[in-house]
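If you want the building blocks of each chain, they are given just below.
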Amino acid sequence: MKQYSCLTNDSSKAAAIYVPFYAGIDIARYLWGANTTIRDHTSLAVVDWLQKQPQWKIMGGQDHFIVTGRPTWDFRRQTDQDNDWGNRLMLLPAAKNMTILMVEASPFHNDDFAIPYPTYFHPSRDIEIQEWQNRMRNTNRTDLFSFAGAPRPGIDTSIRGQIIDQCRNATHCMLLKCHMGASKCHHPDVVMKLFQSSVFCLQPSGDSYTRRSTFDSILAGCIPVFFDPFSAYTQYTWHLPSDASSYSVFIPEDDIRESRVSIENILLRYSSEQIQLLREKVIATIPGILYANPLARLETEKDAFDLTVHAVISRIANLQVSDR
């Protein structure tokens, strides 16, 4: 935001007001072991301060926006019990007036909006993006599909165990099994090499609906395979194509959970022509899901930051029209 070319210190001229409150960093300090009073303290103080500002009174905060950097569930604590998760930022009446951006939004509410997880690539010029896209088009993909991740034995509804079993038993799947502590999954070169060698990349839900891995796979030109519509389709509407079938494959979770289908057999049915069309759409999506170097300025390409700011301003403009 500090490098945005259309900033003004005169709020009367602003189309939107950015609130530099790092809610994700704040709550991350207290998610484990702190009581609810401590977890709520800073959010309550910030919202109280905002409501006292003259800028807030113009639209009741509807022209304000913040970025949390964490999933929505960290800010939607339902009770005041210390063993309940997160804080109550998203449930505060004043906060609901703002546009709140996060890496995973709630599919059951309309007051938060999902933006892409950061990837490993932060280009400074358009040509760097275009060269990367061409490289992904010409990459030799030796594996039909791959999965990078760990099982979730503590989550009864998780299908990751079945995903890993199917990958292990398949002829054309590469598995990068992640685990706590030191793991190859934390090495960008290992993860990106896996995705660049794969035609399809499996993206089941983990601790929550979405995964950073989705954007790593798109960056690698790998066609994502989703198992829950909340993993992407209802989330990143400002950044991903509206036609989900144009860039991804969907296999219902229940079909995996109940062993009704073989992932390998489904993916083998795609012709080379279908795969080419899907991959080209994935590669065309790359500029809009990455965050360019903030100290540089892209010439014509629009990155995730550009698309987000444009969408926020458009949303606020629509709210202003509806309030008249």
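What you are looking at is a predicted structure, and each value in this text was computed from that prediction instead of being measured. In every chain, residue numbers begin from 1 and rise along the written sequence. Local features are withheld for residues below a pLDDT of 70 in this predicted model, meaning they are given only at 70 or higher, and side-chain atom pairs are given and counted only at 80 or more; totals for whole chains, interfaces and linings count all residues. To obtain the side-chain values, all non-hydrogen atoms of the structure were used and water was disregarded.

## Description of the overall build of the protein chain
Line of reasoning, step 1. The secondary structure listing takes helices from DSSP runs of H or I that are at least 4 residues long and strands from runs of E that are at least 2 residues long, numbered from the N terminus. Summing up its helical and strand segments, the protein chain has 12 helices and nine strands in all.
Line of reasoning, step 2. Only C-alpha atoms enter the radius of gyration; for comparison, a globular chain is expected to reach 2.2 Å times N to the power 0.38, where N is the number of residues. Taking 324 residues into account, the globule formula puts the C-alpha radius of gyration at 20 Å, and the protein chain, at 21 Å, falls close to it.
Line of reasoning, step 3. Summary of the burial criterion: residues with accessible area below 20% of their type's maximum are buried, those above 50% are exposed, and those between are partly exposed, where the area comes from a 1.4 Å probe applied to protein chains only. A burial count over the protein chain gives 50% of its 324 residues as buried.
Line of reasoning, step 4. What makes two residues a contact is simply this: any of their non-hydrogen atoms within 4.5 Å. Taking as baseline every contact in the protein chain between residues at least 6 positions apart, the subset at least 24 positions apart corresponds to 68%.
Line of reasoning, step 5. For accessible areas, the Shrake-Rupley method is used with a probe of radius 1.4 Å. Any residue's cover is judged against the shown protein chains and nothing else. With an accessible surface of roughly 16300 Å², the protein chain has 52% of that area assigned to carbon and sulfur atoms.
Line of reasoning, step 6. Only four residue types enter the charge count, namely Lys and Arg as positive and Asp and Glu as negative; His and the chain termini do not. Charged side chains are reduced to one point each, which is NZ for Lys, CZ for Arg, CG for Asp and CD for Glu. Put simply, the protein chain has 32 plus and 35 minus side-chain charges, and the middle of one group is 3 Å from the middle of the other.

## What about the sheet that holds strand β8 (residues 223–226)?
Line of reasoning, step 1. Taken in spatial order, the five strands of this open sheet run β6-β5-β7-β8-β9, and their pairing is parallel. Each having just a single partner strand, β6 (173–177) and β9 (249–250) make up the two edges of the open sheet.
Line of reasoning, step 2. One bridge is not enough; two strands pair if DSSP finds at least two bridges between them. The sheet contact formed by β8 and β9 spans two bridges and is parallel. Note on β9: the bridge partner recorded for phenylalanine 226 is phenylalanine 250.
Line of reasoning, step 3. Only C-alpha atoms enter the line fits that serve as axes; for helices the fit covers just the stretch in contact. Angles between N-to-C directions range over 0 to 180 degrees. Where helix α6 (residues 160–169) meets the sheet, its contacts fall on β5 (143–149), β6 and β7 (198–203), and the angle it forms with β6 comes to roughly 130 degrees.
Line of reasoning, step 4. Contacts from helix α7 (residues 188–196) reach β5, β6 and β7 within the one sheet, and its direction differs from that of β5 by about 150 degrees.

## Things to note about the state of the cysteines
Line of reasoning, step 1. The disulfide definition used here is simple: a pair of cysteine sulfur atoms within 2.5 Å. In this structure the tally under the stated criterion is three disulfides.
Line of reasoning, step 2. A sulfur-sulfur separation of 1.9 Å characterises the disulfide bridge that pairs cysteine 167 with cysteine 173. Of note, the bridge from cysteine 167 to cysteine 173 carries an S-S torsion of about -90 degrees and is left-handed in sense. Comparing cysteine 167 with cysteine 173, the two get one shared label, buried.
Line of reasoning, step 3. The disulfide bridge from cysteine 178 ends at cysteine 185, spanning 1.7 Å between sulfur atoms. Here the disulfide of cysteine 178 and cysteine 185 is left-handed, its torsion about the S-S bond being about -85 degrees. Both residues of the pair, cysteine 178 and cysteine 185, count as buried.
Line of reasoning, step 4. For the protein chain, the bonded cysteines connect in the pattern 1-2, 3-4, 5-6 when numbered consecutively along the sequence.

## Comments concerning helix α2 (residues 36–51)
Line of reasoning, step 1. Spanning 16 residues, α2 covers 22 Å between terminal C-alpha atoms, matching the ideal 22 Å at 1.5 Å per step.
Line of reasoning, step 2. Looking only at α2, the buried set comprises Thr36, Arg39, Asp40, Ser43, Val46, Val47 and Leu50.
Line of reasoning, step 3. In this structure, the buried residues of α2 make contact with α1 (23–28), α3 (54–59), β2 (64–67) and α4 (93–97).
Line of reasoning, step 4. Whenever two N or O atoms come within 3.5 Å, that pair is a polar contact, provided that in protein one can donate a hydrogen and the other can accept it, and provided that, for residues adjacent in sequence, both atoms are side-chain atoms. Two or three places before threonine 37, at the opening of α2, asparagine 35 has a side-chain oxygen 3.1 Å from that residue's backbone nitrogen. An expected span of 1.5 Å times one less than the residue number is assigned to each helix.

## Here's the deal with the pairing of β6
Line of reasoning, step 1. Both β5 and β6 contribute to a ladder of five bridges, which runs parallel. Among the inter-strand pairings, alanine 148 is bridged to a residue of β6, identified as leucine 176.
Line of reasoning, step 2. Handedness of a crossover is defined as follows: with both strands directed away from the viewer, a clockwise route from the first strand across the helix to the second makes it right-handed. Taken together, β5, α6 and β6 constitute a β-α-β crossover, and its handedness is right-handed.

## Side note on the environment of tryptophan 73
Line of reasoning, step 1. Positionally, tryptophan 73 belongs in the loop between β2 and α4.
Line of reasoning, step 2. Classification of tryptophan 73 by relative accessible area gives partly exposed; the value is 27%.
Line of reasoning, step 3. When the C-alpha atoms of tryptophan 73 and glycine 86 are compared, they prove to be 7.1 Å apart, with 13 residues separating the residues in sequence.
Line of reasoning, step 4. Among residues more than four places away in sequence, those in contact with tryptophan 73 are Trp85, Glu104, Ala105, Ser106, Pro107, Phe108, Ser208 and Tyr209.

That's the geometry; what it means functionally is another story.
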